[in-house]
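Examination of the molecular architecture
Single-letter residue listing:
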Amino acid sequence: MSIKIYGQVDEAELSALLVSAQDGDRRAYETFLGELYRILERYLWRRVSDKSVLPDVVQEIVVGVHKARHTYDPTQRVFPWLMAIARYKTIDYWKRRKRDRNFFTHDEEILLRQPAPGDEVELADNQWLLEEYLDVLPQKQRDLVSMVKLEGHSVRYAAEFFGMTESNVKTTVHRAIKKMRERSHATTK
Amino acid sequence: MRRQNKSMEEFLGELVADCQPVCRMKPLWLRLLIWIGLAVIGIGVLGTFLGWRGDLLMKFRSTYFVAELIVLFLLSFWAAYAAFKVCVPGQRCRGVYFWVIPLVVWLVMVLVSFLPELAEHGVFAVIGNSHFLCVRGILILAVIPFLASFFLVRFGAVVYPKYSGYMVALSAAAMGALGLQMLCPIDDVGHYLVWHMSPVFGIAVLGVYLAKYFSRW
């Protein structure tokens, strides 16, 4: 049975590409991943409200499909297999993101909170203060705080980027925030 | 690997470069067969090491005893079936809940024997003394079935971690309880309920908790 996914991709064709990829055919795998990427972008567009994270979620799912490609059974339909992975990886992504955001205390969040838009004077002050606080940190801690707390990347992403473990990143960022808080208290006194 | 700032082509190129022929998952029936084989051998070896109950051959003449072993085997089998089925994405179906039937039958069998004794002798007399050796026995006998199903499930891609953990632990614990039936000489139904049946549920719940640590991929 041949089913068109989102009116464009033939499911049987996608299945054949994946089966070839399981046998090590790189060209078939390249075509499969290209199609998969487009399917996922369309699939997630209506399901993910924050469009800025869409590329991240799509990449998470594609990596998941890559890791689980040996589990695909050629006698079964490919679409339910793909969607089960997509669903699992999407939920996993949100759980992790939520967990990463929750590991700072309320004080730490206040310290790093961005000013309201339009408040230029306060923004400039805060920017200056933030830079001053960041200056007390060693380079590594500064990079990690910038990446995780200011740019909004996940702990996992920072860990992969710096070649550290996730718990190590959390500890380093936690220590950095503590130092910044101490600096903040010293300034207010 | 810094994924976020990479272009789609670059990212996909890395995955394509990593494309090697993969070892496909074995069919479900073969995985089940491997698991049953390992579990039976494991229980046979460990049971011999721990020592079978003296009246084992006599007990095989009891219909109730044999029925209980069959029910435990079915519980273990269907739990393993569910675990192996759901470790392949998109494979959840009604069959993964078949384990509920032998579980209910097992509960009914034990409770039907237990309640009259409870009414006659009272709760303390029926439950009897502590027999932690039985719990230890289940744990020892469940080790090989557990490891076998754990590695077979890990080879897949678990998309229902808690359910998979529960099924892996339940199948192993039920197999352990089956083995213990042939080791423990105490036939009191109270003892059976507390020291043979409860640990099975305890281990299964532990499986749910531990799954989140061991099922990531």
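Below or above, wherever it landed, is the structure these notes cover. (Residues numbered from 1 in each chain as written. Chains lettered and ligands numbered in written order. Predicted model: local features only at pLDDT ≥ 70, side-chain atom pairs only at ≥ 80, totals over all residues. Heavy atoms only, no water.)

1. A short note on a nonpolar patch on the surface
All names here are of chain B. On the surface, I34, L38, V143, I144, F146, L147 and F151 cluster together into a nonpolar patch covering about 570 Å² of accessible area. Every element with two or more residues in the nonpolar patch is listed here: helix 2 (28–50) and helix 7 (132–154). The element best represented in the nonpolar patch is helix 7, accounting for five residues. Counting through the fold element by element, F146 comes out in helix 7. For F146, a relative accessible area of 32% gives the class partly exposed. (Patch = residues over 30% accessible without salt bridge, like charges linked within 9 Å, V, L, I, M, F, W, Y side chains within 5 Å. Areas by Shrake-Rupley, 256 points an atom, 1.4 Å probe, with all protein chains shown as cover. Salt bridge = Lys/Arg side-chain N within 4 Å of Asp/Glu carboxyl O. Helix = DSSP H or I, 4+ residues; strand = E, 2+ residues; numbered from the N terminus. Buried < 20%, exposed > 50% of the residue type's maximum accessible area, 1.4 Å probe, protein only.)

2. Focus on the interface of chain A and chain B
Facing 42 residues of chain A, the contacting portion of chain B comprises 34 residues. With both sides pooled, the region where chain A packs onto chain B buries about 3400 Å², and carbon together with sulfur makes up 57% of that total. It is A:R26, A:H70 and A:Y88 that lose the most area in chain A upon contact with chain B, and together they represent 19% of the buried surface on that side. The interface formed by chain A and chain B contains one salt bridge. At the junction of chain A and chain B, the tally comes to eleven residue pairs in polar contact (both at pLDDT 80 or more). The set of elements that each furnish at least two residues to the side of chain A that touches chain B consists of helix 1 (11–22), helix 2 (26–45), helix 3 (54–67), helix 4 (78–101) and helix 8 (155–162) of chain A. With nine residues, the top contributor of residues to the side of chain A that touches chain B is helix 4 of chain A. (Contact = heavy atoms within 4.5 Å. Buried area = accessible area lost by both parts, 1.4 Å probe. Polar contact = N/O pair within 3.5 Å; in protein donor to acceptor, adjacent residues only side chain to side chain.)

3. Overview of the packing of helix 2 of chain A against helix 3 of chain A
Residues and elements named next belong to chain A. With their axes 10 Å apart at the nearest point, helix 2 and helix 3 run at an angle of 135 degrees to one another. Judged by the inter-axis angle, helix 2 sits oblique to helix 3. Note that helix 2 runs across helix 3; the crossing there is right-handed. When helix 2 is examined against helix 3, the residues Y29, F32, L33, L36, Y37, L40, E41, L44 and W45 are found in contact with a partner set consisting of L54, V57, V58, Q59, I61, V62, V65 and H66. In the contact of helix 2 with helix 3, the residues fall into 14 nonpolar, two polar and one charged. (Axes fitted to C-alpha atoms, helices over the stretch in contact; angles between N-to-C directions. Parallel < 35°, antiparallel > 145°, perpendicular 65-115°, else oblique. Left-handed = near helix turned anticlockwise from the far one by under 90°. Nonpolar A, V, L, I, M, F, W, Y, C, P; charged D, E, K, R; others polar.)

4. A look at the nonpolar core
Ranked by internal contacts, the top residues of the largest apolar core, which has 60 residues, are B:W35, B:F84, B:W99, B:W106, B:M167 and B:L170. Residue assignment for this core shows that the elements contributing at least two residues are helix 2, helix 4 (63–86), helix 5 (100–121), helix 7, helix 8 (161–181) and helix 9 (189–214) of chain B. Beyond its immediate chain neighbours, meaning those up to four positions away, B:M167 contacts B:A79, B:A82, B:A83 and B:W99. Counting 41 residues, the second largest nonpolar core, distinct from the first, contains A:V78, A:I85, A:Y88 and B:A157. (Core = buried A, V, L, I, M, F, W, Y, C linked by side-chain atoms within 4.5 Å.)

5. Comments concerning the packing of aromatic side chains
For the structure shown, the criterion picks out 17 aromatic pairs over all chains. An angle of 85 degrees between the planes, with centres 5.5 Å apart, marks the rings of A:Y93 and A:W94 as edge-to-face. A:W94 gets classed as partly exposed once you look at its relative accessible area, which sits at 31%. Consider the rings of B:F60 and B:F65, whose centres lie 5.8 Å apart with planes at 80 degrees: the pair is edge-to-face. A relative accessible area of 38% places B:F60 in the partly exposed class. Its end group placed over the ring of A:Y29, A:R69 keeps NZ or CZ at 5.5 Å from the ring centre. Between the NZ or CZ atom of A:K89 and the centre of the ring of B:W217, over which it lies, the distance is 4.5 Å. (Phe/Tyr/Trp six-rings, centres within 6.5 Å; stacked < 30°, edge-to-face > 60°. Lys NZ or Arg CZ within 6 Å of the ring centre and 35° of its normal.)

Limitation: the analysis is restricted to geometry and does not speak to function.
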